There are 2 protein chains.
Amino acid sequence: MPFLSGTPPYRPARPVFAIVLGNTLLSTVPGVSGAGMSPEKTVLTPILDSELITHGVIRSRKWKPNTPTGCPTPAVITRAMSVLLGLSPLFINAGLTNRPEVPCLDVYGEPGKDPRDGDAVPGARDLYARGEQVGRFLSQAHDFLLLGECVPGGTTTALCVLRGLGIPASVSSSFVNNPVALKEAICARVQERIRVEGAKEPLDIIRIGGDPMLAVAAGMVSAFRGDTVLAGGTQMLAVAAALRGLGKKVPPVVTTVYVRDDPSAGFAATAEMIGTQVYYVDPGFGALGHSGLARYCVGEVKEGIGAGGAMFLARVVGRSEEEIREKILSTATSY
Amino acid sequence: MPFLSGTPPYRPARPVFAIVLGNTLLSTVPGVSGAGMSPEKTVLTPILDSELITHGVIRSRKWKPNTPTGCPTPAVITRAMSVLLGLSPLFINAGLTNRPEVPCLDVYGEPGKDPRDGDAVPGARDLYARGEQVGRFLSQAHDFLLLGECVPGGTTTALCVLRGLGIPASVSSSFVNNPVALKEAICARVQERIRVEGAKEPLDIIRIGGDPMLAVAAGMVSAFRGDTVLAGGTQMLAVAAALRGLGKKVPPVVTTVYVRDDPSAGFAATAEMIGTQVYYVDPGFGALGHSGLARYCVGEVKEGIGAGGAMFLARVVGRSEEEIREKILSTATSY
C-alpha cells in the first residue's frame, strides 16, 4: 500500500488549512462519541485539540492529549504536520458550547441540538451564508483550501444527513466498536421527522438532523474559488453529499486508511454513491514502534481534525514519507 | 492640498484590510462618544458598521447609517472602497459587548471596563499574545496589512494610554465639539491609578486604562511580517506609541485631514512626539454636493473604521481620485 493513493493534481502556492469546529449535544449522550474522557467532556475536545495544534500543549487544562488507552488524539498528527509545513491552521467556530482558547474565525453559530426532539440547527441557512462569506474572504489570498473538521458526535449527525439525502450510508466511529445500534436508533427518529416534514433540500436536512459544521463547511466550499479538498471521514462525505444535493461542485475527500478499513462504515461505497473522488493516506502507524499510534491500526480514533488531510498536504507540497512519519513520531513521543 | 500627502512606497500584491472591533464601557458614559444615536447604543456601532461594510445594508436593525444630523458613518466610505477594490475587510473581534452579525476573527476578549474604577483590560497581555497569533497567521498569505479599528469611546482610552506612556497628547472626537473636559477628568483618574501602581510597561498601561483593541492591534502589528499601515486617528497613535514603548518597529499611520485639522486633537504634534510617519487623505468632501459628507469638513465624525486607510489603499493600488470620490458619493447617496 503506498503512502498516498492516487496522484493528486494540486500544486498549491498559497494554501489555507481551515478546520471547522462545532458541537452537537448528541456527543453527550452516553455511548455516542469516543472523542473525550467522558460523554460530558466530549464537547471540550475541539477546544483542547485546537489549543494543542496551535501551541503544542494544552495550557488551559491539565489533560493529556490521549484516549484512556494511550492512543494520541489526531490533533497530534495535525500539530506535527502544521509544524513541518510552517502552516498554522485557521480554526472556524461554527458553533461551540464553550469559549475557545485560541483565535477562531467565528460565524457566531450555536451548538447543534439533539435532533431527536426538534431542529438540530435552526439557523442552518444563515450559517451556510456565513460560510459562503468566509469562503469568499479566503479566496482573496489563497489558491487552495484544505478543509478539516472537529465535531464530537458528528458521525451520528453525518449519518442522519446522509440518510436524509437518500444515501443508504453507514458511518465510522472513533470507538473501536462502533455503537451502530445506538446511532441507528437516533437516526431512525430523525428520518421520521424528515419524512413527516417532507424535507428534501440539503439545508433543510441539516437543519432537522445535522450539526453547525455541516452548514458552514458546505457554504465555505461553495464560495471558495480555488481548489478544495475535504479532509475527514464520513462527516466530510456528508458535506460532499450536501454540496451534491445543492447542485454545487463536489470536491475530493481525503482520509486515512483507518477510516477506509472500518467495516462498519463502508466509506468507499458511500463515497461512490455520492460520486466523490477519494484519496487515502496510509501513514503506516503500525511500524513506528509507538504503541499509542499503533492503536489507529486496530481501529481506534482513525482520523479527526484534518489529520489525514494534513498528511496529504505534506506529501502534495513535496515532503517525504520519512519526514512525515518522523515528525509525527517525535511529536507523539513528546507527550 | 493633494488627495494624499507624501508618496507611500507600497506596491502590495496580496493586501489584507483588517479592522479590529472592540468596546469600552466608557462609551456609555453620557457625553464621551458621538458614535451612536445615544450613549447606550454606542456599543452597537462596531456591529452595525461591520454589517454595513459586509452587506451594504444594516439587516439586523432598522437603523440609518447616519448621525442625527445626516452625516454618514465612516463605514459608508469603507464600504465604498471595499466594493471599488473587491477587497472584503477581515473583522477582528477584540472584545465586543454584543454578538456580531458578520463573521469575525475572534480572539475571545472582553469589552473594556470603566478605567476609573479598576483595570480596564485585565487580559491585556493575553490579548496581545492572541493578536500576535493573528498577525503570524495573516503573514502566511498576505504581504501588506492595513489595520483599522472601531471602538466607540476609544479616543478617551487612547488619551489615557498616550498620557500613561508619557506623551502629553490631546485626542480627537467624533463630536464637532470635543468633550475635552470630560475626557480630561476621566484621564486624570486613570493617570492617578497608573502613578500609584508605578506602571511603565505599555501592556500594563493598556491593562489599567486602555481598551481591548489597543492590545490586539499592537500584537497583530508586532507579529505581521510584511508592511503595515495603521488606519485611524488618535486611537492608532496610541497603538503606535505602545509599539514604540515595547521596542517594536512603529508603522506609519494614515488618517483624514479632518482629524489632522481638529485643533483640540493636535494630531500632527502627537505623531511627531511618538516618531511615527503620517499620511493624510483629503477626499474633498466639501465639494461633492452631499450635505452629509460635507459635515466631515466642519469636524463631524472625521474618520473611523479604517475609512481614511481604505481611501489611502485605493490610491496606493492605482485608483484615481475621481473614481474614489465618485464611489463614495454614489454609496452615500444610496442610503
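Refer to the structure printed above.
Computed from a prediction, not measured in an experiment: that's the story for all the values here. Residue numbers run consecutively from 1 along every chain, following the written order of its sequence. Chains carry letters from A onward and ligands carry numbers from 1 onward, assigned in written order. Reporting in this predicted model follows two pLDDT cut-offs: at least 70 for local features of residues, and 80 or more for side-chain atom pairs to be given and counted; totals over whole chains, interfaces and linings ignore these cut-offs and use all residues. Each side-chain value is derived from all of the structure's non-hydrogen atoms; neither hydrogens nor water enter the calculation.

Overview of the packing of aromatic side chains
Part 1 of the argument: Stacked, tilted and edge-to-face are the three classes assigned to paired rings of Phe, Tyr and Trp, where Trp is represented by its six-membered ring and a pair needs centres within 6.5 Å; plane angles under 30 degrees give stacked, over 60 edge-to-face, the rest tilted. Counted according to the given criterion, the structure contains 14 aromatic pairs over all chains.
Part 2 of the argument: Seen in terms of ring centroids, Tyr258 of chain B and Tyr296 of chain B are 6.0 Å apart; in terms of plane orientation they differ by 65°. Their pairing is edge-to-face. A residue pair is termed long-range when its members are at least 10 positions apart, and Tyr258 of chain B in helix H9 (residues 257-260) and Tyr296 of chain B in the loop between helix H11 (291-294) and helix H12 (307-316) qualify at 38 residues.
Part 3 of the argument: The exposure class assigned to Tyr258 of chain B is buried, which follows from its relative accessible area of 8%.
Part 4 of the argument: Three labels apply to residues, based on accessible area from a 1.4 Å probe with only protein chains included: buried if under 20% of the type maximum, exposed if over 50%, partly exposed otherwise in between. With a relative accessible area of 1%, Tyr296 of chain B lands in the buried category.
Part 5 of the argument: Through a chain of ring-to-ring contacts, three or more aromatic side chains come together here, namely Tyr10, Phe144, Tyr279 and Phe312 of chain A.
Part 6 of the argument: In this scheme, the term charge over a ring applies when either NZ of a lysine or CZ of an arginine sits within 6 Å of the ring centre and within 35 degrees of the ring normal. Between Arg260 of chain A and the ring centre of Tyr280 of chain A, over which it is positioned, the NZ or CZ distance is 5.3 Å. By the criteria applied, helices consist of DSSP H or I runs no shorter than four residues and strands consist of E runs no shorter than two, each listed in order from the N terminus.

Here we look at the relation of the copies chain A and chain B
Part 1 of the argument: Mapping chain A onto chain B calls for a rotation angle of 180° and an axial translation of 0.0 Å; the resulting RMSD is 0.0 Å. Here the transformation between the copies is reduced to the relation of a two-fold axis. Residue Leu105 of chain A, judged by its C-alpha, is the member of chain A lying nearest the rotation axis, at 2.0 Å.
Part 2 of the argument: A symmetric contact is evident, with 100% of the interface residues of chain A recurring at the interface of chain B. Superposing copies: least-squares fit, C-alpha atoms only, residues required to have pLDDT of at least 70 in both. Contacts are assigned to residue pairs with any non-hydrogen atoms lying within 4.5 Å of each other.

Some thoughts on helix H2 (residues 74-85) of chain A
All names here are of chain A.
Part 1 of the argument: Taking 1.5 Å of rise per residue, 12 residues should cover 16 Å, and H2 covers 17 Å from first to last C-alpha, within 8% of that figure.
Part 2 of the argument: When you tally the buried positions in H2, you get 10 out of 12 residues, the bulk of the element.
Part 3 of the argument: Of the surrounding secondary structure, the elements contacted by the buried residues of H2 are strand S1 (15-22), helix H1 (45-55), helix H12 (307-316) and helix H13 (321-333).
Part 4 of the argument: Downstream of H2 by one or two residues, Gly86 has phi in the positive range, about 65°. Take the number of residues in a helix, subtract one, and multiply by 1.5 Å to get its expected span.

Examining unusual backbone geometry
A negative phi angle is the norm for most residues apart from glycine, just as the trans form is the norm for most peptide bonds.
Part 1 of the argument: At Val301 of chain A, a residue that is not glycine, the phi angle is positive and equals roughly 65°.
Part 2 of the argument: Along the polypeptide, Val301 of chain A turns up in the loop between helix H11 (291-294) and H12.
Part 3 of the argument: Given the relative accessible area of 10%, Val301 of chain A is considered buried.
Part 4 of the argument: Phi at Ile305 of chain B is positive, roughly 40°, even though this residue is not glycine.
Part 5 of the argument: Summarising the element assignment, Ile305 of chain B is placed in the loop between H11 and H12.

A short note on the interface of chain A and chain B
Part 1 of the argument: Contact residues are listed per partner, giving 29 residues for chain A and 29 residues for chain B.
Part 2 of the argument: Once two parts are put together, the accessible area they lose, assessed with a 1.4 Å probe and summed over both, is termed the buried area. When chain A packs against chain B, the two sides together hide about 2,400 Å² of surface, and 55% of this comes from carbon and sulfur.
Part 3 of the argument: On the chain A side of the contact with chain B, Pro103, Tyr108 and Phe137 of chain A bury the most area, a combined 28% of that side's loss.
Part 4 of the argument: We define a salt bridge as a side-chain nitrogen of Lys or Arg found within 4 Å of a carboxyl oxygen belonging to Asp or Glu. Scanning the region where chain A abuts chain B turns up 4 salt bridges.

With respect to H13 of chain A
Residues and elements named next belong to chain A.
Part 1 of the argument: Taking 1.5 Å of rise per residue, 13 residues should cover 18 Å, and H13 covers 18 Å from first to last C-alpha, within 8% of that figure.
Part 2 of the argument: All buried positions along H13 are accounted for by Ile324, Ile328, Thr331 and Ala332. An end-on view of H13 places all buried positions within 95° of arc, on one side of the element. Facing away from the buried surface of H13 by more than 90 degrees, the exposed residues are Glu322 and Thr333. The directions considered for the arc run from the helix axis to the C-beta atoms.

Observations regarding the state of the cysteines
Formally, a disulfide is one covalent bond, and it connects the sulfur atom of one cysteine to the sulfur atom of another.
All names here are of chain A.
Part 1 of the argument: When the sulfur atoms of two cysteines come within 2.5 Å, that pair is taken as a disulfide. Under the definition given, this model contains 0 disulfides over all chains.
Part 2 of the argument: Cysteine Cys187 is unpaired, with the sulfur of Cys160 as its nearest cysteine sulfur at 4.4 Å.
Part 3 of the argument: Among the cysteines around Cys297, which has no disulfide bond, Cys71 carries the closest sulfur, lying 9.4 Å off.

A closer look at the pattern of salt bridges
Part 1 of the argument: Counted by the stated rule, this structure contains 36 salt bridges over all chains.
Part 2 of the argument: Linking Arg207 of chain A and Asp119 of chain A is a salt bridge whose minimum nitrogen-to-oxygen distance equals 3.0 Å. One end of the pair, Arg207 of chain A, is in helix H6 (residues 202-209); the other, Asp119 of chain A, is in the loop between strand S3 (104-106) and helix H3 (124-139), with 88 residues separating them in the sequence.
Part 3 of the argument: Given a relative accessible area of 25%, Asp119 of chain A falls into the partly exposed group.
Part 4 of the argument: One salt bridge in this structure joins Asp262 of chain B and Lys302 of chain B, with 3.9 Å as the shortest N-O distance. Within this pair, whereas Asp262 of chain B is found in the loop between H9 and helix H10 (267-274), its partner Lys302 of chain B is found in the loop between H11 and H12, the two being separated by 40 residues in sequence. When sorted by exposure, Asp262 of chain B lands in the same class as Lys302 of chain B, which is buried.
Part 5 of the argument: Salt bridges sharing common partners tie together Asp119, Arg125, Arg193, Glu197, Glu201, Asp204 and Arg207 of chain A.

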